Amino acid sequence: MLLGCRNKIIWLPDHKLGNDKLDSFMFPFCFSCSLCKEYAIYQRPSIVRCSIDAASSMDGFNDAKERIRETFGKNELSPSFYDTAWVAMVPSRVSLNKPCFPQCLDWIVENQREDGSWGLNPSHPLLVKDSLSSTLACLLALSKWRIGDTQVERGLGFIETHGWAVKEENQISPQGFNIIFPNMINYAKELNLNLPLDPDLVNLMILKRDLTIERALKNDLKGNIENLEYFAEGLGELCNWKTTMLHQRNNGSLFDSPATTAAALIYHQHDDKCFEYLNSILELHKNWVPTIYPTKIHSCLCLVDALQNLGVDRYFKTQVKSVLDEIYRLWQQKNDEIFSDVARCAMAFRLLRMNNYEVSTEKLLFGFVNEECFFRTSRGQLASDVAILELHKASQMATHDEKDHILDKINTWTRTFMEQKLLDKDIVDSSKKEVELALRKFYATHDRVESRRYIESYEVNNFKILKAAYRFRNIENVDLQRFSLHDFNLCQARYKEELQQLKRWFEDCRLDQVDFSQQHLYTSYFLMASTLFEPEYSDARLAYAKNTMLITLVDDFFDGFACKEELHNIIELLERWDEYSTVGFHSERINIFFSALYQTIEDIAAKAEIRQGQSVKDHFIKMWFDLVKCMLMEFDWWKSKTTPSIEEYLSVACVTIGVPCVVLTTQYLLGPKLSENFIECSEVSALCNRTSMVARLHNDIRTYKREQAERSPNIVSILITQSQGTMSEEVATRQIKEMLESQRRELLGMVVSQRRGRQLPQVCRDLFWKTSKLCYCLYSHGDEFRFPEKMKNHITEVIYKPINLST
């Protein structure tokens, strides 16, 4: 920032500094004070135009942010021609020869598309079946009340031209299409509406429908994800409407479906609650209905989920908290709108738990412990692929709560179900990507990498499908797309500048002179940039990266590159920190290492003191002293070929993995004021121990072969040795993985819980969880820190390659 400028700045690329994109840095302007303007005009005239354009872009960014804020609480679901047509077919309570809702008929007449069809607008090439279903429903409504002859003729023309899609397997089918569409054909015959469809095709569809209904009536529903009662309008007179009406919800609907509720009034009886439900929708939307109602809870959950996936929820903390507070209140009341729908309930559970609300598994998932229970229990609900996908996501939220064993059972069968789904050759690409992402463990992903993928796959005109295709216009919109894209690129610009600072630090410390690869610089910085990505955590990211590199360097010393005298020299230098110059250096590499460590700790401590209002340097020095002492102990084990016990090994190895030095030091730069006894706090110690265990066990599993060859201590080899040959490598590794999973769940439970006695600020707790996630990413496919081949693409995506506006 320019000296004397106290205004909020924007960061702009200076393209005149060289052609190397990796080394470009950012130049700050606020454009609201004379100092910045004068410097820009006289010192950097080449980028004034760029700066003005960027300032204009920031105005658009802020405008988009305000429009997004206004969408909270709005029910902006797109109209459903299919459902509106069924509502239009409901007869008046006074006369069966008159429509009860004529305004819906007028809306249908006024909104026919140019090609003669009705359906989602804008449509999609794979939604022809949806258009056929909506068009036929509208034709039935118009024909029933004998209006719109011109519209009917044009609609029949569309069906004649596009009837081929009925049997096209590559087309996306609305839920229940094979039951509902044939029944609407039969209804058309009753109305003397001559449909231009192939008679053989019609007969085949009706035959398949009848067989499906016959099997369902025999309760042979295993493996059939189509829920018969949800598609009751496709049964018509064959439906046992008295039984179906037992599923009527408190709001008067059947399954929150306007079409099914309208069908009940058409085929069954004039139920007051059904009328009240439909009237309540039309009071809101005047002359049309959506395909599902109410939608407020579902809409809010989807919006919060989208904002978090896009990585921009931090701009809407107040709105998000307000939404989740309300969802939590309704959850505690066992609200029908949440618990009546599997997908909605699973999403609410996942978002509430990961945002630190105490939610019990019992209230959510007791009926879905296996596939058979799921399809039986969800009778009367929409048992769809979407519900199974959301259940799987929720199942990954398991902690060590004894009730969470239910989540493990759900995880097993939903994973198997979705893996089988991926083998389906007819699966649509968009669905395939969604399933693949859901199958990945959420605790083994880089947040910023996932945000980029979500932004790049984000579609303004994306749609979902139930019995009709629909869009959430407050979620799939251009404001949200451009806002998240612009935010990603702004953050990326900051990362580039920070990386330049890190390179200068690396060069100033002469770390290249001790054969320390600069690749560690990129890897260390990326780890934090990909997870603790918010711009305000710049100092925290740099401290985390510097400490990580220095720990890696000293670890190399203790792994055999230094003699014991050098190691004792490091310890003595740490012991006499303020008088280190009187100690002297045993070698030049010790001089380089300790000089780098000294300058780095002094710099971080100075920044931390400003933020915390207290000196914390002694804490930093003590943590480094403990680290090096434990490394020396490991060195002695290696030299003397001593095999420690599991307890001895873990008490030392969980320090040498470096979590205390890296994470606890970074905590002081996150923002919240911490107590003087922060490091000794029992909550901090417990979180640090769990995180260290996760990191150490991951490391040992992946480095076992290399360390076995080097005869270095490793928990896998210790287990095998102590078993006296009775335990194989495979069994030992499996046992360590079980320990790892136990520690991970304990850590997650501690991070998300708001139980009494938890006083550590959430951002501080989150850093422990984020660090554990980095361990999973680093060691999922080998040692990605020392051999970061697969990480190179991620580094480019997060730090160097902007997201193109055309994507």
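Scoring rules and cut-offs
- Residues numbered from 1 in each chain as written.
- Predicted model: local features only at pLDDT ≥ 70, side-chain atom pairs only at ≥ 80, totals over all residues.
- Heavy atoms only, no water.
- Core = buried A, V, L, I, M, F, W, Y, C linked by side-chain atoms within 4.5 Å.
- Buried < 20%, exposed > 50% of the residue type's maximum accessible area, 1.4 Å probe, protein only.
- Helix = DSSP H or I, 4+ residues; strand = E, 2+ residues; numbered from the N terminus.
- Contact = heavy atoms within 4.5 Å.
- Axes fitted to C-alpha atoms, helices over the stretch in contact; angles between N-to-C directions.
- Parallel < 35°, antiparallel > 145°, perpendicular 65-115°, else oblique.
- Left-handed = near helix turned anticlockwise from the far one by under 90°.
- Nonpolar A, V, L, I, M, F, W, Y, C, P; charged D, E, K, R; others polar.
- Salt bridge = Lys/Arg side-chain N within 4 Å of Asp/Glu carboxyl O.
- Phe/Tyr/Trp six-rings, centres within 6.5 Å; stacked < 30°, edge-to-face > 60°.
- Lys NZ or Arg CZ within 6 Å of the ring centre and 35° of its normal.
- 1 Å grid on protein atoms, 1.4 Å probe; cavity = no way out; pocket = protein on both sides within 12 Å on 5 of 7 lines; lining within 4 Å.
- Points joined across faces, edges and corners; volume = space filled by probe spheres on them.
- pLDDT = per-residue confidence, 0-100.

1. So, the nonpolar core
Stage number 1. Counting residues in each nonpolar core, the largest one holds 258 residues, and the members touching the most others are Trp-86, Phe-181, Phe-557, Phe-593 and Trp-624.
Stage number 2. Counting residues per element, this core draws most heavily on helix α24 (residues 538-561), at 12 residues.
Stage number 3. Sequence-distant contacts of Phe-593, defined by excluding residues within four places in its chain, comprise Leu-550, Leu-553, Val-554, Phe-557, Ile-570 and Trp-624.
Stage number 4. One finds Leu-120, Ile-172, Phe-463 and Ala-469 within the second-largest nonpolar core, a separate group that totals six residues.

2. Focus on the packing of helix α29 (residues 659-667) against helix α30 (residues 682-710)
Stage number 1. At their nearest, the axes of α29 and α30 sit 10 Å apart, and the two run at 135° to each other. Judged on the interaxial angle alone, α30 and α29 are oblique. Of the two elements, α29 crosses α30, and the hand of that crossing is right-handed. Side by side, α29 and α30 meet where Val-659, Pro-660 and Leu-664 of the first sit next to Val-684, Cys-688, Thr-691, Ser-692 and Ala-695 of the second.
Stage number 2. Tallied by class, residues from the contact of α29 with α30 come to six nonpolar, two polar and no charged.

3. Observations regarding the pattern of salt bridges
Stage number 1. Taken as a whole, this structure holds 36 salt bridges when the rule is applied.
Stage number 2. Across the pair Arg-448 and Asp-487 runs a salt bridge whose closest N-O atoms are separated by 3.2 Å. One end of the pair, Arg-448, is in helix α21 (residues 447-457); the other, Asp-487, is in helix α22 (residues 478-508), with 39 residues separating them in the sequence.
Stage number 3. The buried category is assigned to Asp-487, whose relative accessible area is 1%.
Stage number 4. Across the salt bridge formed by Arg-696 and Asp-700, the nearest N and O atoms sit 3.0 Å from each other. Of the two residues, Arg-696 and Asp-700 both sit in helix α30, four residues apart, roughly one turn of that helix. In this structure, Arg-696 and Asp-700 share a single accessibility class: buried.
Stage number 5. By sharing partners, the salt bridges in this structure join Asp-305, Arg-350, Glu-390 and Lys-393 into a single network.

4. Here we look at the packing of helix α31 (residues 715-722) against helix α32 (residues 729-752)
Stage number 1. Viewed as axis vectors pointing N to C, α31 and α32 meet at an angle of 125°, and their least axial separation amounts to 9 Å. On the basis of their axis angle, the class for α31 and α32 is oblique. By crossing handedness, the relation of α31 to α32 is classed as right-handed. Touching Ile-715, Val-716, Leu-719 and Ile-720 of α31 are Glu-729, Ala-732, Thr-733, Gln-735, Ile-736 and Met-739, all from α32.
Stage number 2. Here the contact of α31 with α32 is composed, by residue class, of seven nonpolar, two polar and one charged.

5. Remarks on the packing of aromatic side chains
Stage number 1. Overall, the coordinates contain 32 aromatic pairs when judged by the stated rule.
Stage number 2. Ring geometry for Tyr-443 against Tyr-776: centres 5.0 Å apart, planes inclined by 70°, an arrangement best described as edge-to-face. Linking Tyr-443 in the loop between α20 (429-439) and α21 with Tyr-776 in helix α33 (residues 762-779), this pair joins segments that are 333 residues apart in sequence.
Stage number 3. Note on Tyr-776: relative accessible area 7%, which makes it buried.
Stage number 4. Feature note: the residues Phe-61, Phe-72, Tyr-315, Phe-316 and Phe-483 constitute an aromatic cluster, connected by ring pairs.
Stage number 5. Geometry around Phe-533 places Arg-448 over its ring, the cationic atom sitting 4.2 Å from the centre.

6. Observations concerning empty space enclosed by the protein
Stage number 1. Throughout the structure, instances matching the rule amount to three cavities of 30 Å³ or more.
Stage number 2. Its boundaries defined by the atoms lining it, the second largest cavity holds a volume of some 50 Å³.
Stage number 3. Looking at the second largest cavity, the residues that line it are Asp-539, Leu-542, Ala-543, Lys-546, Asp-603, Ile-604, Lys-607 and Leu-669.
Stage number 4. Put simply, the parts of the chain that give the lining of the second largest cavity at least two residues each are α24 and α26 (588-612).
Stage number 5. Considering every element that reaches the lining of the second largest cavity, the biggest residue donor is α24, with four residues.
Stage number 6. Looking at side-chain class alone, the lining of the second largest cavity contains four nonpolar, no polar and four charged residues.

7. A closer look at the environment of Tyr-580
Stage number 1. If you trace the backbone, Tyr-580 turns up in the loop between α25 (564-575) and α26.
Stage number 2. Overall, the relative accessible area of 24% leaves Tyr-580 in the partly exposed class.
Stage number 3. As a C-alpha pair, Tyr-580 and Phe-594 span 14 residues in sequence and 9.4 Å in three-dimensional space.
Stage number 4. Residues contacting Tyr-580, with those up to four places away along its chain left out, are Leu-573, Phe-585, Phe-594 and Tyr-598.

8. Notes on the environment of Gly-148
Stage number 1. Inspection of the secondary structure puts Gly-148 in the loop between α5 (128-144) and α6 (149-162).
Stage number 2. A relative accessible area of 19% places Gly-148 in the buried class.
Stage number 3. Separated by 43 residues in sequence, Gly-148 and Leu-105 place their C-alpha atoms 9.1 Å apart.

9. Thoughts on the environment of Ser-712
Stage number 1. Here Ser-712 lies in the loop between α30 and α31.
Stage number 2. In the structure, Ser-712 is positioned 71 residues away from Lys-641 in sequence and 8.3 Å away in space, judged by C-alpha atoms.

10. Describing the side chain of Ser-299
Stage number 1. Relative to the elements of secondary structure, Ser-299 occurs in helix α12 (residues 296-310).
Stage number 2. For Ser-299, a relative accessible area of 1% translates into the label buried.
Stage number 3. When sequence neighbours within four positions are dropped, the list of residues in contact with Ser-299 reads Lys-74, Phe-472, Asn-474 and Ile-475.

11. Some thoughts on the confidence of the model for the protein
Stage number 1. Here the protein averages 84 in pLDDT, while 85% of its residues score no lower than 70.
Stage number 2. Note on residues 1-53: pLDDT under 50 across the span, and 78 contacts to partners over four residues away in sequence or across chains.

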